[in-house]
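Next come the chains, spelled out residue by residue.
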Protein chains: 2
Amino acid sequence: MSHFADRLNELIRKRGTPLCLGLDPRWESLPASLRVRYDDNAEGRAEAYREFCSRVLDLVGSRVPVVKPQAAFFEACGPAGFEVLRGLIDKARQMGAMTILDGKRNDIASTATAYAEATFGLWGADSLTVNPYLGRDAVEPFVTAAREKRGGVFVLVRTSNKGAGLFQDLVCDGRPVYRHVGERVAEWARANVGGDGFGDVGAVVGATYPAELAQLRAALPEVIFLVPGFGAQGGTADHVRAAFRADGLGAVVNSSRGILFPFAPDAADWEARVVKAADDTIGALSVK
Amino acid sequence: MSHFADRLNELIRKRGTPLCLGLDPRWESLPASLRVRYDDNAEGRAEAYREFCSRVLDLVGSRVPVVKPQAAFFEACGPAGFEVLRGLIDKARQMGAMTILDGKRNDIASTATAYAEATFGLWGADSLTVNPYLGRDAVEPFVTAAREKRGGVFVLVRTSNKGAGLFQDLVCDGRPVYRHVGERVAEWARANVGGDGFGDVGAVVGATYPAELAQLRAALPEVIFLVPGFGAQGGTADHVRAAFRADGLGAVVNSSRGILFPFAPDAADWEARVVKAADDTIGALSVK
């Protein structure tokens, strides 16, 4: 298998878009016609998420290079939810997409390794998101495990939420904490660079802070960005333009609710609306 | 149900120790006589963890006020692991202990709420650990969910690992990042203080940094500390003394490997060794 970043870039070129489809299923947002067939308990919700997300993958999974399930919503359904999560990751990969398991996991040493082995082994994902607060010996086990599987790691640098600045914006030695995190991410990325010049350690940088996105792009040329906050959270195609290198590579842009739920729960044509939302987003985010 | 901190302190007084028993099962460390009866796959490991941890709880669960399962090792066993995790939390509570689900979860808004609801609902834990890097609107959903259930939250402030300082020690406005995090934790704690003067939002502060532990104790009088790093990681009873208020309250001290695995895998008397390790640790960490 080739380098994580090379595989990702090849798929982005082939599918003509850097769009990452986020699978964040929410019980209250599901089409009513689907939801009514399931019990409102952990197992029922898990099965409803399986049907809904599978249907969305059938509709758009072959057109997006990346699929990113949000672990929290599956974990909230208990053991049945993890079984469904595993099936959806497998389905996405069968449709030729790469996968990011978005769990923002973090811990030290062998505990971090346990999380990483679950991600790349049991769940079968190509990459995962990791929270850097615990420091070097908490991030490096994820990087080591990813490299063994030719996978990738996306480290939280600048998140897309309104309260992100509370600690990320604290200024140390003349620059904010998130820039310090970004510099370490660049170090990890440079240790294993693929043919396109990108490493296998990426950074999560929110679409909702375009000026910072541009600064980070310039400062971290080897780092692929996973950009959340597009669409429902307020980020636009203009906002995310700065995430890319001049050749159009260097970032994947996530949309979750904007594609999953562009309809009221009682809409009879929800599938057509999902396809249209994907069309529109792919149109807005094309790669030359 | 009474305030989280009051319940915790009452139990610490009643059992005469602030010891938190960490459940971090590791396949390669299990007693060989037990391990040989299980398959070395996800389901087999999960069942072996169930038997081993249940047996340890039978031996010492009624003597410790707090039990803290490490989510990573159960997650590494897939859906079967989560089923076992749920059973162990239930067993610990039936033995009168309070529980901390150590998952270091973190995310924003409704995603954070999904994690919190799983912790307090599905898994049935009394509290959980949370990573603060994402900021205010990522921590507060956990606090809100905990308050609804009279539960607690422990926010990572100063972790016990060697590489913790990479970001936690960056100095901003004259003090390190972890002190800034501590100050916000104190704010959250002060919003709901129980009869003993402690809030329902605590801080994770490693035993391996005793000077910082003392400074944080003085700076954050309303904050209960969860202190990892005791025993196998190098922290001693002297190191953790500074975590307590003058009346002996204010902290729970975790030991995982030191109590779970004080034996070679082929030791025939592993159960006696677990009891002795618990005795020794409780003796070293008594509450007046």
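You'll find the structure just up there.
This report concerns the structure included in the present document. What you see is a predicted model; the values in this text were computed from it and never measured.

Some remarks on the interface of chain A and chain B
Turning to step 1, where the next piece is worked out: The partner chain B presents 56 residues to the 56 residues of chain A that form the contact.
Turning to step 2, where the next piece is worked out: Carbon and sulfur atoms make up 63% of the area that chain A and chain B hide from each other, which totals about 4,700 Å².
Turning to step 3, where the next piece is worked out: Of all residues in chain A, the largest losses of buried area upon contact with chain B belong to Pro79(A), Tyr133(A) and Phe167(A), amounting jointly to 18% of the total for that side.
Turning to step 4, where the next piece is worked out: Our count for the chain A to chain B interface comes out at four salt bridges.
Turning to step 5, where the next piece is worked out: Across the salt bridge formed by Lys104(A) and Asp107(B), the nearest N and O atoms sit 2.8 Å from each other.
Turning to step 6, where the next piece is worked out: In terms of residue class, the side of chain A that touches chain B is made up of 29 nonpolar, 14 polar and 13 charged.

A look at the nonpolar core
Turning to step 1, where the next piece is worked out: Phe52(A), Phe225(A), Phe52(B) and Phe225(B) are the most contacted members of the largest nonpolar core, which totals 214 residues.
Turning to step 2, where the next piece is worked out: Not counting chain neighbours up to four residues away, the residues in contact with Phe52(B) comprise Leu30(B), Pro31(B), Leu34(B), Leu260(B), Phe261(B), Phe263(B) and Trp270(B).

Structural notes on unusual backbone geometry
With the exception of glycine, the majority of residues adopt a negative phi angle, and the majority of peptide bonds are in the trans configuration.
Turning to step 1, where the next piece is worked out: For Ala109(A), which is not glycine, the phi torsion reads 45 degrees and is therefore positive.
Turning to step 2, where the next piece is worked out: Residue placement: Ala109(A) occurs in helix α6 (residues 109-122).
Turning to step 3, where the next piece is worked out: With a phi angle near 55 degrees, Arg150(B) is a residue other than glycine that sits in the positive phi range.
Turning to step 4, where the next piece is worked out: With respect to the element layout, Arg150(B) can be found in the loop between α7 (136-148) and β5 (152-158).

Observations concerning the pairing of strand β2 (residues 66-69) of chain A
Residues and elements named next belong to chain A.
Turning to step 1, where the next piece is worked out: Of the two faces of β2, the one holding Val-66 and Lys-68 and the one holding Val-67 and Pro-69 are both buried throughout.
Turning to step 2, where the next piece is worked out: Relative to β2, strand β1 (residues 19-23) is paired through four bridges, and the arrangement is parallel. Looking across to β2, one finds that Leu-23 is bridged to Pro-69.
Turning to step 3, where the next piece is worked out: Sheet analysis places β2 next to strand β3 (residues 98-105), joined by two bridges and oriented parallel. Among the inter-strand pairings, Val-67 is bridged to a residue of β3, identified as Thr-99.

Some remarks on the environment of Val36(A)
Residues and elements named next belong to chain A.
Turning to step 1, where the next piece is worked out: Here Val-36 shows up in the loop between α2 (32-35) and α3 (42-60).
Turning to step 2, where the next piece is worked out: Classification of Val-36 by relative accessible area gives exposed; the value is 65%.
Turning to step 3, where the next piece is worked out: In the structure, Val-36 is positioned 57 residues away from Arg-93 in sequence and 29 Å away in space, judged by C-alpha atoms.

Points about the pattern of salt bridges
Turning to step 1, where the next piece is worked out: Inspection of every chain in the model, using the stated rule, returns 56 salt bridges over all chains.
Turning to step 2, where the next piece is worked out: Between Asp269(A) and Arg273(A) there is a salt bridge, with the nearest N and O atoms lying 2.9 Å from each other.
Turning to step 3, where the next piece is worked out: The closest approach of N and O atoms between Arg184(B) and Glu187(B), which form a salt bridge, is 2.9 Å. Highlighted residues: Arg184(B) and Glu187(B), both in helix α9 (residues 177-190), separated by three residues, approximately one helical turn.
Turning to step 4, where the next piece is worked out: Overlapping salt bridges, with partners in common, bring together Arg55(A), Asp58(A), Lys91(A) and Glu271(A) in one network.

Here we look at the packing of aromatic side chains
Turning to step 1, where the next piece is worked out: This model, assessed by the stated rule, comprises 15 aromatic pairs over all chains.
Turning to step 2, where the next piece is worked out: Each ring, one from Phe263(B) and one from Trp270(B), has its centre 5.8 Å from the other, and the planes form 50 degrees; the classification is tilted. For the pair formed by Phe263(B) and Trp270(B), the shared burial category is buried.
Turning to step 3, where the next piece is worked out: Following the ring pairs from residue to residue traces out a cluster consisting of Phe52(A), Phe261(A), Phe263(A) and Trp270(A).
Turning to step 4, where the next piece is worked out: Stacked on the ring of Tyr209(B), the Lys or Arg Arg158(B) has its end atom at 4.0 Å from the ring centre.
Turning to step 5, where the next piece is worked out: Above the ring of Phe225(B), the side-chain terminus of Arg217(B) is found at 4.1 Å from the ring centroid.

Looking at the pairing of strand β10 (residues 251-255) of chain A
All names here are of chain A.
Turning to step 1, where the next piece is worked out: Taking burial as the measure, the five residues of β10 include five buried ones, the bulk of the element.
Turning to step 2, where the next piece is worked out: Of the two faces of β10, the one carrying Ala-251, Val-253 and Ser-255 and the one carrying Val-252 and Asn-254 are both buried.
Turning to step 3, where the next piece is worked out: Bridge count for β1 against β10 is three bridges, and the pairing is parallel. Within the sheet, the bridge partner assigned to Leu-21 lies in β10 and is Ser-255.
Turning to step 4, where the next piece is worked out: In terms of strand pairing, strand β9 (residues 225-227) meets β10 through three bridges, oriented parallel. Its bridge partner lying in β10, Val-227 is registered against Val-253.

About the cut-offs
Residues numbered from 1 in each chain as written. Chains lettered and ligands numbered in written order. Predicted model: local features only at pLDDT ≥ 70, side-chain atom pairs only at ≥ 80, totals over all residues. Heavy atoms only, no water. Contact = heavy atoms within 4.5 Å. Buried area = accessible area lost by both parts, 1.4 Å probe. Salt bridge = Lys/Arg side-chain N within 4 Å of Asp/Glu carboxyl O. Nonpolar A, V, L, I, M, F, W, Y, C, P; charged D, E, K, R; others polar. Core = buried A, V, L, I, M, F, W, Y, C linked by side-chain atoms within 4.5 Å. Buried < 20%, exposed > 50% of the residue type's maximum accessible area, 1.4 Å probe, protein only. Helix = DSSP H or I, 4+ residues; strand = E, 2+ residues; numbered from the N terminus. Pairing = 2+ DSSP bridges. Phe/Tyr/Trp six-rings, centres within 6.5 Å; stacked < 30°, edge-to-face > 60°. Lys NZ or Arg CZ within 6 Å of the ring centre and 35° of its normal.

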